[in-house]
Amino acid sequence: MAIAVKLDFDDVYDIKPLSEDLRISTFETELSDGSTLPLLVEISNDPHELLPEVFNLAFGPPTNKGEIDDKAEITHKNYSRTFSSILLSGLIYLNSNTAHYLGIDGSNNARAYLYYRFLQQNYDYLDRYFNVYGLKYYVRISRFGKHQYDNPFDFNDIYPFPEKIKKAMQLNPDFMYNYFIFNRKHLN
Amino acid sequence: MYLYPMKKTVEERIREFTSRAKKEGRKDVKSSNAIRNGSSLHKIIKTKEQAATFMRLLKSL
């Protein structure tokens, strides 16, 4: 099913703050069957010791333990409002943490492709607020074996390569970005 | 005289939420393990050199 999303920060659910530092918030999303489901949006508060400016963002319904189930398959009634609410939560955080970057994995390739389509469908709107980057991970080719590709990869030696996502970029859906990063656009 | 309420700007919405979070949000809430160390990027960055190269590239874009 092709889902078209029109992001609009003026059309969002009632987002409630759960932490004073703007990292955790929640809202009730409407499902296609008419019921509602709480969604959590959470930004890590514990920076990676080597990447102190990049924070992971996750969203999804809470599990019984109160953690985010980011693999849940949900049929939203209004995808535009749901994703506008999630991204507004990220924008609120970045507005007070202007040196930070937020990262989103996407739990599988299909979901990453869905996010990429949402980004492209709303490129001009998002470009007012965010810089958006896609990361590809490159693995070192080792020198074992008689030939270059006999035993080629050293998976302990991986480099993430970021590129700015541009409008109408065509990507093979089977080889989607490994990770997406946002930061707040500074208007100087 | 009745005045229609003006539509809030995104900036006003952000300011309101930020102020509400200061009043209503909990302090010192720890992230769950899953989100803290769960991203693919955080798993593959293992050395200072990798991290420095990555951040230099990212900030140059």
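The structure displayed is predicted, hence computed values, not measured ones.

Colleague: I'm lost on helix α1 (residues 10-24) of chain B in this one. Help?
Modeller: For the α-helix, the turn length of 3.6 residues means that residues three or four positions removed from each other point alike. Between its terminal C-alpha atoms α1(B) stretches 21 Å, which fits the 21 Å expected from 15 residues at 1.5 Å a residue. Taken together, the buried positions of α1(B) are B:I14, B:F17 and B:A21. Buried residues of α1(B), seen end-on, are gathered within an arc of 65 degrees and therefore sit on one face of the element. Exposed positions of α1(B) whose direction lies more than 90 degrees from the buried face are B:E11, B:E12, B:E16, B:S19, B:K22 and B:K23. Tucked inside the fold, the buried residues of α1(B) contact β1 (16-17) and α1 (79-96) of chain A.

Colleague: So what exactly am I meant to see when it comes to the interface of chain B and chain A here?
Modeller: By a widely used convention, the size of an interface equals the accessible area lost when the partners come together. Opposite the 35 residues of chain B that make contact, chain A presents 38 residues. Of all the elements in the fold, those that place two or more residues in the side of chain B that touches chain A are α1, α2 (33-36), α3 (40-44) and α4 (48-60) of chain B. Per element, the largest residue contribution to the side of chain B that touches chain A is 9 residues, and it comes from α1(B). Its residues assigned to classes, the side of chain B that touches chain A comprises 15 nonpolar, 10 polar and 10 charged.

Colleague: Can you help me understand α1(A) in this one?
Modeller: Here α1(A) spans 26 Å end to end across 18 residues, near enough to the 26 Å set by a 1.5 Å rise per residue. Judged by how many residues are buried, α1(A) sits mostly within the fold: 14 of 18 residues are covered.

Colleague: What is the right way to look at the nonpolar core in this model?
Modeller: As a rule of thumb, nonpolar side chains are buried together in soluble globular proteins. Counting residues in each nonpolar core, the largest one holds 54 residues, and the members touching the most others are A:F59, A:L88, A:L91, A:I92, A:L102, A:Y177 and A:I181. Among the elements that take part in this core, α1(A) stands out by supplying 8 residues, more than any other. The contact partners of A:L91, leaving out residues within four places of it in the chain, are A:Y129 and B:I14.

Colleague: Explain the packing of α1(A) against α1(B) here, please?
Modeller: The description of two helices packed together rests on the angle between their axes and the distance between the axes. Packing of α1(A) against α1(B) leaves a shortest axis separation of 10 Å and a crossing angle of 80 degrees. If you check the angle between α1(A) and α1(B), you find them roughly perpendicular. Residues A:L91, A:I92, A:N95 and A:S96 of α1(A) form the contact with α1(B), whose participating residues are B:I14, B:F17 and B:T18.

Reading guide: rules and limits
- Residues numbered from 1 in each chain as written.
- Chains lettered and ligands numbered in written order.
- Predicted model: local features only at pLDDT ≥ 70, side-chain atom pairs only at ≥ 80, totals over all residues.
- Helix = DSSP H or I, 4+ residues; strand = E, 2+ residues; numbered from the N terminus.
- Expected span 1.5 Å × (residues − 1).
- Buried ≥ 20, exposed ≤ 12 C-beta atoms within 10 Å, placed from the backbone.
- Arc of directions from axis to C-beta.
- Contact = placed C-beta atoms within 7 Å.
- Nonpolar A, V, L, I, M, F, W, Y, C, P; charged D, E, K, R; others polar.
- Core = buried A, V, L, I, M, F, W, Y, C linked by C-beta atoms within 7 Å.
- Axes fitted to C-alpha atoms, helices over the stretch in contact; angles between N-to-C directions.
- Parallel < 35°, antiparallel > 145°, perpendicular 65-115°, else oblique.

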